[in-house]
Structures are given as C-alpha cells and as structure tokens.
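Listed below are the residues making up each chain.
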Amino acid sequence: MSAEPGREPDRHVLILGGTTEARRLAEALEHHPSYQVTTSLAGRVSAPALPPGDTRIGGFGGIAGLAGWIIGFEVTHVVDATHPFAERISFNAAEAEALTGVPTLALRRPGWTPGPGDDWRFADSLEEAAAALPPLGGRAFLTTGRMGLHTFAHLTDTWFLVRSVDPPDGPVPPRLEVLLDRGPFTLADERELLARHRIDVLVTKDSGGSATAPKLTAAREAGIPVLVVRRPAVPQGQPQATSVLEALRWLDADPA
C-alpha cells in the first residue's frame, strides 16, 4: 500500500477475502494514506489471484487465533468479504469482534433471484440438492465447487460437467468431466458450453454477483431447470454492506 511521504497509516484493515468484492476493496484502499490493508485468503486455491496490499494465506486457528491476530497486528477494522458459503469464518469473525471490540463489517453481495422464464428449484444443502437432482435431468452442469463433489459421488446414472479452478480430489461421481477455468464467464461462452455438452440441468449455489451469473441466463434461454442451493445462515447484529462503495463509506464514517 502506498502512503504519503512521512505519514504512517493510522488504520489497519483486515479483509477476510477470497471474493471479487474483497479484491476491489483492497484496490480501492491501495493508495489511501490512512489505511494499511491486509487481505486474508483461506488457501483453498493453489494459485490465487493476489490483491494489492499485504496478504496472508491459511486459517487463523479458530476464534482465539483470529482474535489474537487482530490484537497482535493492531487491526482497527475487519471487513468480512468472504464467500457467501464460507459460513464458519463469518461466525468466527463475529465472535472475534466480541472478544476484541474491533468493529467488523459484513460485505455480502446480494443473492440471485429468479426472473420471468426461469425454472428454479431450491435446496437447503448440497445433500438435499443431490437427492433432488436425478429426476431433473441426466446431464448436469455442476458449479457448486470442488470441495463438495463427494456429496454427488453416489449418483452413478447422472453425467456431470464440473467447472473449478483446481482439479477435484476425494470421492467424485463416476461419470465426470472436469473443466478447469476461472471466471468471469460470458453469456456467449455459457450458451456454447451448455449446447456442446448437451446439459439438461444446472446445479449451483446462490453465490450472487455478476462473474458467474451468465450461466443462469443461458439456462433460462435453453429451457433448462436450475437447482439452487440456498445460502447458509450468517451472524446477526453486524453492520452490513452489499457493495464496495458501502464498505468504503462505513470505513470513512467510523471514528476508530
């Protein structure tokens, strides 16, 4: 991070990252003279795209470890900009705020909502999605992430196309093709992909955002049902922002 000559930043922002919003927030604060920025990444991707500023990779060791890091590195503000399905770190961040008193903002992108012409079905978990999938189609485009593929491993009659940044490990469905790729994805690409692989059902998490949303439009155009895994519960009582601009306003308004 750049600062004015002779001036040391008086605020240290810890961004719990791994999302587009986290990167954009780090970019927005990169040249702000008042802020030192550290982005923490979980380390689940082998070659993550690193944001500007300082970075740390790996877990904190639970609530106590996160609280200790916040105190030890004199963090003044925490922004939880983790993935909507990374619920454990969000609850740890809320508990760490209670222990340290350091204000924490939840930066959460809005979820997706179905529109006219969409055929969406909903599940509350990957397990529920796996149970609901077979009657919906035999060639599934599975975009729920490589970490949960074991949930679908018992579905021997369904053919799966899986797209992920890194190759999956652990149990996987027997009829599987893996496409290694990183978003954002265009609508033209998603249309071509669905047609080329003869996809007849899309399975996704309600991640929100625009980077991977074109697949939903492509599915609607093709008349393909979409099985959507709802977001898990999140901590209550924290201030929340739905955009980087709102997060910047929160930081600027806080007198800490």
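Before any of the text, the structure's been laid out above.
Please read these numbers as outputs of a predicted model, since none were measured by experiment.

## Overview of the overall build of the protein chain
- A tally of helices and strands in the protein chain yields seven helices and 12 strands.
- Taken over the C-alpha trace, the protein chain has a radius of gyration of 20 Å; the compact-globule value for 256 residues is 18 Å, and the two agree within 12%.
- Its C-alpha atoms put the protein chain at 65 × 35 × 30 Å along the principal axes.
- Split into buried and exposed, the 256 residues of the protein chain put 46% on the buried side.
- For the protein chain, the computed accessible surface area is about 12300 Å², with 53% contributed by carbon and sulfur atoms.
- Here the protein chain carries 24 positive and 31 negative side-chain charges, and the mean point of each set is 5 Å from the other.

## Details of the pattern of salt bridges
- In total, this model carries 10 salt bridges according to the counting rule given.
- Where Arg 230 meets Asp 124, a salt bridge forms, and the shortest distance between an N and an O atom there is 2.9 Å. Remark: Asp 124 occurs in the loop between β6 (120-123) and α4 (126-132) and Arg 230 occurs in the loop between β11 (226-229) and β12 (240-241); sequence separation between them is 106 residues.
- Looking at Arg 230, the relative accessible area reads 38%, which means it is partly exposed.

## Concerning the nonpolar core
- With 18 residues, the main nonpolar core has Leu 133, Leu 142, Phe 152 and Phe 160 as its most contacted residues.
- Only α4, β7 (139-143), β8 (159-164), β10 (201-205) and β11 provide two or more residues apiece to this core.
- The element that contributes the greatest number of residues to this core is α4, accounting for three residues.

## Considering helix α6 (residues 214-222)
- Turning to α6, its buried residues number three or more, namely Pro 214, Lys 215, Leu 216, Ala 218 and Ala 219.
- In this structure, the buried residues of α6 make contact with β6, β7, β8, α5 (187-196), β10 and β11.

## Section: the side chain of Thr 204
- If you trace the backbone, Thr 204 turns up in strand β10.
- Using a relative accessible area of 1% as the deciding quantity, one classes Thr 204 as buried.
- For Thr 204, the side chain forms a polar contact with the side chain of Thr 143, separated by 3.2 Å.
- Excluding anything up to four places from it in sequence, Thr 204 contacts Trp 112, Thr 143, Thr 144, Lys 215, Leu 216, Val 226, Leu 227, Val 228 and Val 229.

## Some points on the pairing of strand β2 (residues 35-41)
- With six of its seven residues buried, β2 lies for the most part within the structure.
- The sheet contact formed by strand β1 (residues 11-16) and β2 spans six bridges and is parallel. Bridging from a neighbouring strand, Val 13 pairs with Val 37 of β2.
- Note that the unit made of β1, helix α1 (residues 20-29) and β2 has a crossover that is right-handed.

## Considerations on the packing of aromatic side chains
- The full count for this structure, using the stated rule, is four aromatic pairs.
- Between Trp 120 and Phe 122 the ring centres are 6.2 Å apart and the planes differ by 65 degrees, which places this aromatic pair in the edge-to-face class.
- Aromatic side chains Phe 152 and Phe 160 sit 6.0 Å apart centroid to centroid with 65 degrees between the ring planes, which places their arrangement in the edge-to-face category. Here Phe 152 matches Phe 160 in class, with each residue buried.
- Grouped by ring-pair contacts, the aromatic residues Phe 60, Trp 69 and Phe 73 constitute a single cluster.
- Directly above the ring of Phe 60 sits Arg 56, whose terminal nitrogen or CZ lies 3.8 Å from the centroid.

## Considerations on the packing of helix α2 (residues 62-72) against helix α3 (residues 87-100)
- At a closest axis distance of 8 Å, the pairing of α2 and α3 adopts a crossing angle of 55 degrees. Comparing the axis directions of α2 and α3 gives the class oblique. Crossing of α2 against α3: the hand is right-handed. For the pair formed by α2 and α3, the contact residues are Gly 62, Ile 63, Leu 66, Ala 67, Ile 70 and Ile 71 on the first element and Ile 89, Asn 92, Ala 93, Glu 95, Ala 96, Leu 99 and Thr 100 on the second.
- Broken down by class, the residue content of the contact of α2 with α3 amounts to nine nonpolar, three polar and one charged.

## What to know about the sheet that holds β8
- What the six strands build is an open sheet, ordered β6-β11-β10-β7-β8-β9; its pairing is parallel. This sheet does not close on itself; its edge strands, each paired only once, are β6 and β9 (176-180). For this sheet, the mean angle separating the axes of adjacent strands, direction not counted, is 20 degrees.
- In this sheet, β9 lies alongside β8 in parallel orientation, the contact comprising five bridges. Residue pairing for β9: Val 162 is matched across the bridge by Val 178.

Each value, and the rule that gives it
- Residues numbered from 1 in each chain as written.
- Predicted model: local features only at pLDDT ≥ 70, side-chain atom pairs only at ≥ 80, totals over all residues.
- Heavy atoms only, no water.
- Helix = DSSP H or I, 4+ residues; strand = E, 2+ residues; numbered from the N terminus.
- Rg over C-alpha atoms; globule rule 2.2 N^0.38 Å.
- Buried < 20%, exposed > 50% of the residue type's maximum accessible area, 1.4 Å probe, protein only.
- Areas by Shrake-Rupley, 256 points an atom, 1.4 Å probe, with all protein chains shown as cover.
- Lys, Arg positive; Asp, Glu negative; His and termini not counted.
- Charge placed at Lys NZ, Arg CZ, Asp CG, Glu CD.
- Salt bridge = Lys/Arg side-chain N within 4 Å of Asp/Glu carboxyl O.
- Core = buried A, V, L, I, M, F, W, Y, C linked by side-chain atoms within 4.5 Å.
- Contact = heavy atoms within 4.5 Å.
- Polar contact = N/O pair within 3.5 Å; in protein donor to acceptor, adjacent residues only side chain to side chain.
- Pairing = 2+ DSSP bridges.
- Right-handed = clockwise from strand over helix to strand, strands pointing away.
- Phe/Tyr/Trp six-rings, centres within 6.5 Å; stacked < 30°, edge-to-face > 60°.
- Lys NZ or Arg CZ within 6 Å of the ring centre and 35° of its normal.
- Axes fitted to C-alpha atoms, helices over the stretch in contact; angles between N-to-C directions.
- Parallel < 35°, antiparallel > 145°, perpendicular 65-115°, else oblique.
- Left-handed = near helix turned anticlockwise from the far one by under 90°.
- Nonpolar A, V, L, I, M, F, W, Y, C, P; charged D, E, K, R; others polar.

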